[in-house]
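Letter by letter, the chains look like this.
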Amino acid sequence: MEIEFVGAAREVTGSCHILRVAGKTIILDCGLFQGKRSDAQEKNLRLPLDIEQIDAIVLSHAHIDHAGRLPYLVRHGYAGSIWCTPATRDLCAVMLADSAHIQEKDAEFLARRGKERVEPLYSLRHTTRTIELMTGVPYKRSFDVVPGVRVTFIDAGHILGSASVLVDCTEGNDTRRFVFSADIGRSGLAIIRDPETPEGADVLVMESTYGNRTHESVEGARGRLASVIRDTAARGGRVLIPAFAVGRTQELIYDLHALARAGAIPSIPIYIDSPLAIDTTSVFEMHPDIFDHGEDLVQKVRDLFRFNLVHYTRDVEESKALAKMHGPMVIIAASGMAESGRILHHLAQGAADPKNTVLIVGFQAEHTLGRRIVERREMLRIFGEEVPLRAQVVIINGYSAHADRAELGSWVDRVREHSPGLKQVWLVHGEPPAQEELATTLSAKGLTVGCPAPRERHAF
Ligand SMILES: [Zn+2]
Ligand SMILES: [Zn+2]
C-alpha cells in the first residue's frame with residue numbers, strides 16, 4: 001500500500017493524491033492549481049499519471065481546487081467512475097460548467113491582448129461527460145471502488161456535501177484504514193453540520209490551511225454583519241459584498257434571514273446579483289436532508305434562502321438597473337476576490353462614495369482587487385479606470401469554512417480518541433508556515449508528522 005502526493009503538497013491548491021493498493025490505483029481529488037497564471041498553467045497541464053493507469057477516482061467536495069481538473073482527465077480519456085456525495089455531484093454540475101466558461105473567457109481575453117496563447121483545459125462538453133461519470137453515494141454507506149478498496153464518506157462540515165474519506169485498504173490478510181480529511185470545516189457554521197470524527201484511522205492525510213491562524217467566532221461574525229448593515233443604512237449607503245458563489249453566499253443569506261427575523265437589521269433590500277450563486281443556492285435547496293437540523297432557523301423555516309427582503313437578479317438588465325436605484329441596500333455578488341464577475345460593476349460605481357461599505361468576508365489572495373481593498377489603497381483600478389476608494393472597508397474573518405489552529409487541533413484529538421492505531425500523519429493543503437506550526441503541535445501529541453513535497457511517495 002502506498003500514497004503519492006501530487007497536488008496541494010506544501011501549497012493550498014491543486015488537491016490530488018494517488019493511492020496504490022493491491023495493484024490498483026485510485027485518485028483522491030483532482031483540483032485546479034490556482035495562483036500566478038504561468039506557474040498554475042504549467043502544473044494544470046501536467047497529468048497526475050497516465051490515464052490508463054487510473055482505476056477509480058474519489059472526490060471529497062466540489063471546490064474547484066479539489067474537483068477542477070477532473071474534466072481535464074476526462075478530456076484525456078478517463079472513462080471510469082468518479083465517486084462523491086450526491087450534493088457534491090450536483091454542485092459540480094454547476095461549478096465545473098462555470099470553470100469551463102471562465103477558462104474560455106480567459107483564453108479569449110489573452111488572445112485579444114495578443115499575449116501568449118492559453119488553451120482552456122477543457123470545455124463544456126468535457127464537464128458534462130465528467131458529471132455523467134459521477135456516482136453520488138450518501139454519507140456513511142460503504143462501497144467498493146475496486147476490489148480491496150472500500151470507501152465511506154463522513155461529513156467534513158466544510159461546504160454542502162463535503163466529505164472526509166475513509167478508505168479501508170486490503171492486501172492479502174492485511175487491512176488498514178487510510179483517512180483523507182479533505183478540507184475540515186468548523187463547528188457552528190450556518191446550514192451545514194459540524195465535522196464528523198473519523199474512527200479507526202491507521203494513517204491520516206490531513207489539511208493544514210489555517211494551522212497558524214485563529215478565526216473570529218461564527219456568532220461574532222453574524223453580530224458584526226448586523227452592525228455593518230445598520231450603520232451603512234443609517235448613512236443611506238450600500239453594503240457591497242464580494243462573495244464566493246458556493247457556501248459563503250448561502251451562509252450570508254442565512255445569517256441575513258436570521259437577523260431580519262430577529263429585527264436586528266433594517267428592512268432594506270438584499271440583492272443576490274450572481275447567476276452562479278443563484279444556481280448553487282438551488283442545489284442547496286435540493287439537499288435539505290444534510291442541513292444541520294440542530295439549528296434554530298433550519299428547524300423553524302421551510303425556505304431558508306427566500307424571505308421578503310431578498311431578491312435574486314439573474315438577468316444582466318436587472319443587474320444594471322441596480323445602479324440606478326436609490327436608497328440603502330445590500331448587494332452580494334461574485335467573485336469572492338473581486339477579480340471578475342458583477343461585483344466589479346458595483347465597485348466601479350460605488351467605491352468612491354463614503355456612504356457605502358465594502359464588506360470583505362473571505363480570504364483575499366495577493367495581486368487581487370479584493371486584496372487592494374483590504375489594504376485600503378487610495379485608488380483602485382477597475383475596468384481600466386482609476387476609482388478612488390472612499391467607501392468604508394470592513395473585514396469579517398468569521399465566515400471562513402476552514403477549521404483554524406485550535407479547531408484542527410481538537411479535530412485531531414477526537415480522531416485519536418477513536419483511533420488507537422494512529423501514528424503517521426501527513427499534512428497537505430497548507431503553506432509551509434501553517435504546516436510547520438501544526439506539525440509541531442501534532443508532534444508534541446506523540447504523532448509522527450510529515451509535510452510531503454509534490455511527488456513524494458510513502459508506503460503504509
Ligand atoms: Zn474546500
Ligand atoms: Zn481546498
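For clarity, every value in this text was computed on a predicted model and none was experimentally measured.

Calculation rules
Residues numbered from 1 in each chain as written. Chains lettered and ligands numbered in written order. Predicted model: local features only at pLDDT ≥ 70, side-chain atom pairs only at ≥ 80, totals over all residues. Heavy atoms only, no water. Helix = DSSP H or I, 4+ residues; strand = E, 2+ residues; numbered from the N terminus. Rg over C-alpha atoms; globule rule 2.2 N^0.38 Å. Buried < 20%, exposed > 50% of the residue type's maximum accessible area, 1.4 Å probe, protein only. Contact = heavy atoms within 4.5 Å. Lys, Arg positive; Asp, Glu negative; His and termini not counted. Charge placed at Lys NZ, Arg CZ, Asp CG, Glu CD. Salt bridge = Lys/Arg side-chain N within 4 Å of Asp/Glu carboxyl O. Pairing = 2+ DSSP bridges. Axes fitted to C-alpha atoms, helices over the stretch in contact; angles between N-to-C directions. 1 Å grid on protein atoms, 1.4 Å probe; cavity = no way out; pocket = protein on both sides within 12 Å on 5 of 7 lines; lining within 4 Å. Points joined across faces, edges and corners; volume = space filled by probe spheres on them. Nonpolar A, V, L, I, M, F, W, Y, C, P; charged D, E, K, R; others polar. Core = buried A, V, L, I, M, F, W, Y, C linked by side-chain atoms within 4.5 Å. Donors = N, O, S within 2.8 Å, 3.2 Å for Na, K, Ca; no water. Tetrahedral: all angles 85-135°; square planar, octahedral: opposite > 155°, others 65-115°. Expected span 1.5 Å × (residues − 1). Polar contact = N/O pair within 3.5 Å; in protein donor to acceptor, adjacent residues only side chain to side chain. Arc of directions from axis to C-beta.

Engineer: Can you walk me through the overall build of the chain in this structure?
Structural biologist: Counting its regular elements, the chain contains 14 helices and 22 strands. The C-alpha radius of gyration computed for the chain amounts to 22 Å, which stays within 12% of the reference 23 Å derived for 460 residues, consistent with globular compactness. Across its three principal axes, the chain shows a C-alpha extent of roughly 70 × 50 × 40 Å. The buried share of the chain, taken over its 460 residues, is 56%. By sequence separation, contacts in the chain at least 24 residues apart represent 75% of the contacts at least 6 residues apart. Here the chain contributes 53 positively and 60 negatively charged side chains, and the mean placements of these two sets differ by 4 Å.

Engineer: I keep staring at the pattern of salt bridges and nothing clicks. Help me out?
Structural biologist: Close approach of charged atoms lets side chains of opposite charge pair. The full count for this structure, using the stated rule, is 27 salt bridges. Between D279 and R314 there is a salt bridge whose closest N-O contact spans 2.9 Å. Here R314 lies in the loop between β14 (310-312) and α10 (316-322) and D279 lies in helix α8 (residues 275-286), a separation of 35 residues in the sequence. Its relative accessible area of 39% is what places R314 among the partly exposed residues. E375 serves as the salt-bridge partner of R371, at 3.5 Å between the closest nitrogen and oxygen. For R371, a relative accessible area of 25% puts it in the partly exposed group. Judged by its relative accessible area of 41%, E375 is partly exposed.

Engineer: Would you mind going over the sheet that holds strand β16 (residues 357-360) with me for this structure?
Structural biologist: Paired through backbone hydrogen bonds, the strands of a sheet run either parallel or antiparallel to each other. The parallel open sheet is built from six strands, whose spatial order is β14-β13-β15-β12-β16-β19. The sheet terminates laterally at β14 and β19 (392-395), the two strands that pair on one side only. Strand after strand, the sheet turns through a mean of 20° between neighbouring axes, direction not considered.

Engineer: Sorry if this is basic, but what is going on with the layout of surface pockets here?
Structural biologist: Over the atoms, a rolled probe matching the size of one water molecule traces out where space is still vacant. A volume near 180 Å³ is recorded for the second largest pocket. Lining the second largest pocket we find V316, S319, K320, A323, R342, H345, H346 and Q349. Looking at the lining of the second largest pocket, the elements with two or more residues in it are α10 and α11 (343-350). Classifying every residue of the lining of the second largest pocket by side-chain character gives two nonpolar, four polar and two charged.

Engineer: Honestly, the nonpolar core in this entry has me stumped. Any pointers?
Structural biologist: When a protein is soluble and globular, its nonpolar side chains tend to lie buried together. The biggest cluster of nonpolar side chains holds 113 residues, and the ones touching the most others in it are V145, F153 and F178. Non-local contacts of V145, meaning those with residues more than four positions away in its chain, are made with I26, A56, V58, W83 and V151. Counting residues in hydrophobic clusters, the runner-up holds 21 residues, among them M329, I360, L380 and V387.

Engineer: Quick question: what am I supposed to make of the coordination of the zinc ion (ligand 2) here?
Structural biologist: Reference values for coordination geometry: four tetrahedral donors around a metal ideally subtend 109.5 degrees, six octahedral donors ideally subtend 90 or 180 degrees. Binding of the zinc ion (ligand 2) to the protein goes through D65 (OD), H66 (NE2), D183 (OD) and H429 (NE2), at separations of 2.1 to 2.4 Å. Here the zinc ion (ligand 2) is ringed by four donor atoms whose angles at the metal span 89 to 165°, and the overall shape comes out irregular. In terms of primary sequence, the donors binding the zinc ion (ligand 2) are separated according to D-H-x116-D-x245-H. Separating the zinc ion (ligand 2) from the zinc ion (ligand 1) is a distance of 3.4 Å, and D183 supplies a donor atom to each of them.

Engineer: Please explain α8 as it appears in this structure.
Structural biologist: The periodicity of an α-helix, 3.6 residues per turn, causes residues three or four places apart in sequence to face the same way. In a regular helix each residue adds 1.5 Å, so 12 residues correspond to 16 Å; α8 covers 17 Å between its end C-alpha atoms and thus fits that length. Looking at α8, one finds that the buried residues are A277, I278, T280, T281, V283 and F284. Summarising the contacts, the buried residues of α8 are in contact with α4 (86-112), α7 (248-261), β13 (270-272) and β14.

Engineer: So what exactly am I meant to see when it comes to the environment of T209 here?
Structural biologist: Structurally, T209 is set in the loop between β11 (203-207) and α6 (218-235). Overall, T209 belongs to the buried group, its relative accessible area being 15%. For the pair T209 and Q435, spaced 226 residues apart in sequence, the C-alpha separation works out to 7.6 Å. Ignoring any residue separated from it by four or fewer positions in sequence, one finds T209 in contact with V12, H402, H429, G430 and A434. Side-chain polar atoms of T209 contact the side chain of E207, separated by 2.5 Å. At 2.9 Å, the side chain of T209 forms a polar contact with the side chain of H429.

Engineer: Where do I start with helix α5 (residues 124-133) in this structure?
Structural biologist: Buried within α5 we find H126, T127, T130, I131 and L133. When α5 is viewed along its axis, its buried side chains cluster within an angular range of 155° and face the same direction. More than 90 degrees from the buried face of α5, the exposed residues found are R125 and E132. If you follow the buried residues of α5, they end up packed against α3 (70-75), β5 (82-84), α4 and β6 (134-136).

Engineer: Help me understand unusual backbone geometry in this model?
Structural biologist: Apart from glycine, the bulk of residues carry a negative phi angle, and the bulk of peptide bonds sit in the trans form. Of note, the amide linkage connecting A334 to S335 takes the cis form, showing an omega dihedral of 5°. Position of S335 relative to the elements: it lies in the loop between β15 (329-333) and α11. Although it is not a glycine, D29 sits at a positive phi angle of roughly 65°. The exposure class assigned to D29 is buried, which follows from its relative accessible area of 0%.

Engineer: I would appreciate a short explanation of the coordination of the zinc ion (ligand 1) in the present structure.
Structural biologist: Around the zinc ion (ligand 1), the donor atoms from the protein are H61 (NE2), H63 (ND1), H158 (NE2) and D183 (OD), and they sit 2.2 to 2.3 Å away. Considering all four donor atoms around the zinc ion (ligand 1), angles at the metal cover 92 to 162° and the coordination shape is irregular. All donors to the zinc ion (ligand 1) come from one chain, and their sequence spacing reads H-x1-H-x94-H-x24-D. On the basis of relative accessibility, which here comes to 18%, the residue H63 falls in the buried class. Since its relative accessible area comes to 2%, D183 is described here as buried.

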